[in-house]
Amino acid sequence: MKFFRRFKILGTGSFLPEKVLTNHDLEKMVDTTDEWIKTRTGIEKRHVASELQAASDLVREAAKEALKNAGIAATALGAIIVGTISPDTMFPSTACWVQKDLEIPGIPAFDISAACSGFLYGMDIGSAILPAIGKPILVAGVDVLTKITNWEDRGTCVLFGDGAGVAILAPTDEDKGYLSSIIGADGSLGELLVQPAGGSRMPATHETVDRKLHTVHMKGNEIFKHAVRTMGDAAVAAIEESGIPPDDIDMFVPHQANNRIIEATCKRAKVPLSKTHITISWHGNMSAGTIPIAFHDAVSKGLIKRGDKVLFAAFGGGFTWGASVLVF
Ligand SMILES: CC(C)(COP(=O)(O)OP(=O)(O)OC[C@H]1O[C@@H](n2cnc3c(N)ncnc32)[C@H](O)[C@@H]1OP(=O)(O)O)[C@@H](O)C(=O)NCCC(=O)NCCS
């Protein structure tokens, strides 16, 4: 095996807020049915942050678990990277709020805005700067999309949930790390999935609030078509660059926005569904939080073991995408 970048994932962790919203709860809020949501997406329920919980609160809890599993103290960390599009505040970054909570001032901390690809962007960039940092790096993916959801829009409100996942990367000489990693973007498709207001293009006014322009606006159908192609192509390219045949992939952890997109990606990448970790039914699409939570779930259940080859693939608003083959 030829390694693209060597690093070891010392530990993983995740956190989902306590409150659960089922499809049946949504039936009482908008014109939808449990049956429609399940057959069109695979989602049965999602976790929803409380009024008091922001992105960094979720990351802090996931980080504590990951540090415990890694067997290191927070003071051993050399950097914090958080993938998110629903930060606590426009600034400071969520990574800085996490750093404050972990009480480890001094090390670099920054966010990456790559929507649902945020965790794979974080892993790629984290592993690239690891040799310069020389100490473990905490990479998180988190989103609290229910805070920017239009609860009157049945086309979006049934899809999203909240959650955070963390992986701690460390330098290693062992045969572990990336066989391949690809990240990319096509900004010309930005309008398909956007939170229009709240930035410098359209600062907050009474009108933007009244028109619900601070919520997720999505052209679901068009995204679906691009997602199937983009995620499939990225997965195929990551496998090709890894130099191993698709049969050698032990587990595929895809971004989970829709079961049908996952199935189409598996078909294109020639990875069977039986080797694909699908968790969408119990948490919905948590954007950057989805992959690290599903990854942690598979690791903690023993479905991914040391030495296994894991394929990741994601797509998201921007448009952004990422895919990688990693030896755990
Ligand atoms: C959103 C999504 C589930 C919709 O599924 P779809 O099969 O494309 O459905 P359509 O949008 O074509 O809508 C079909 C019908 O269902 C209706 N519908 C939409 N949402 C509904 C809901 N929650 N409940 C019931 N009916 C709904 C539509 O109004 C439409 O009705 P019409 O035929 O009378 O006009 C699907 O397009 C999707 O998953 N897209 C990707 C979204 C995504 O991944 N976003 C995040 C990117 S990371």
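Below you will find a few notes about this structure. (Residues numbered from 1 in each chain as written. Predicted model: local features only at pLDDT ≥ 70, side-chain atom pairs only at ≥ 80, totals over all residues.)

## Describing the pairing of strand S7 (residues 137-144)
- Taken across its eight residues, S7 has eight buried, putting it largely inside the fold.
- Residues Ile137, Val139, Gly141 and Asp143 line one face of S7 and the alternating positions Leu138, Ala140, Val142 and Val144 line the opposite face, and both faces are buried.
- Sheet analysis places strand S5 (residues 79-83) next to S7, joined by five bridges and oriented parallel. Bridge assignment links Ala79 to a residue of S7, and that residue is Ile137.
- Relative to strand S8 (residues 162-170), S7 runs antiparallel, the two being bridged by eight bridges. Paired with Ala140 across the two strands is Val166, which belongs to S8. (Buried ≥ 20, exposed ≤ 12 C-beta atoms within 10 Å, placed from the backbone. Helix = DSSP H or I, 4+ residues; strand = E, 2+ residues; numbered from the N terminus. Pairing = 2+ DSSP bridges.)

## Concerning the nonpolar core
- The biggest cluster of nonpolar side chains holds 103 residues, and the ones touching the most others in it are Val59, Val166, Ile168 and Leu311.
- Mapping this core onto the domain boundaries places at least three of its residues in each of domain 1 (5-172) and domain 2 (178-327).
- Those residues in contact with Leu311 that lie beyond four places of it in its chain are Ala235, Ala238, Ile239, Ile249, Phe252, Val271 and Val325. (Core = buried A, V, L, I, M, F, W, Y, C linked by C-beta atoms within 7 Å. Domains from an automatic or database assignment. Contact = placed C-beta atoms within 7 Å.)

## Topic: the packing of helix H3 (residues 55-70) against helix H4 (residues 94-102)
- Contact geometry of H3 with H4 gives a least axis separation of 9 Å together with a crossing angle of 50°. Between H3 and H4, the crossing angle belongs to the class labelled oblique. H3 and H4 meet at a crossing whose hand is right-handed. From H3, Ala55, Ser56, Val59, Arg60 and Ala63 reach across to H4, where they touch Thr94, Trp97, Val98, Asp101 and Leu102.
- A breakdown of the residues in the contact of H3 with H4 according to their chemical character gives six nonpolar, two polar and two charged. (Axes fitted to C-alpha atoms, helices over the stretch in contact; angles between N-to-C directions. Parallel < 35°, antiparallel > 145°, perpendicular 65-115°, else oblique. Left-handed = near helix turned anticlockwise from the far one by under 90°. Nonpolar A, V, L, I, M, F, W, Y, C, P; charged D, E, K, R; others polar.)

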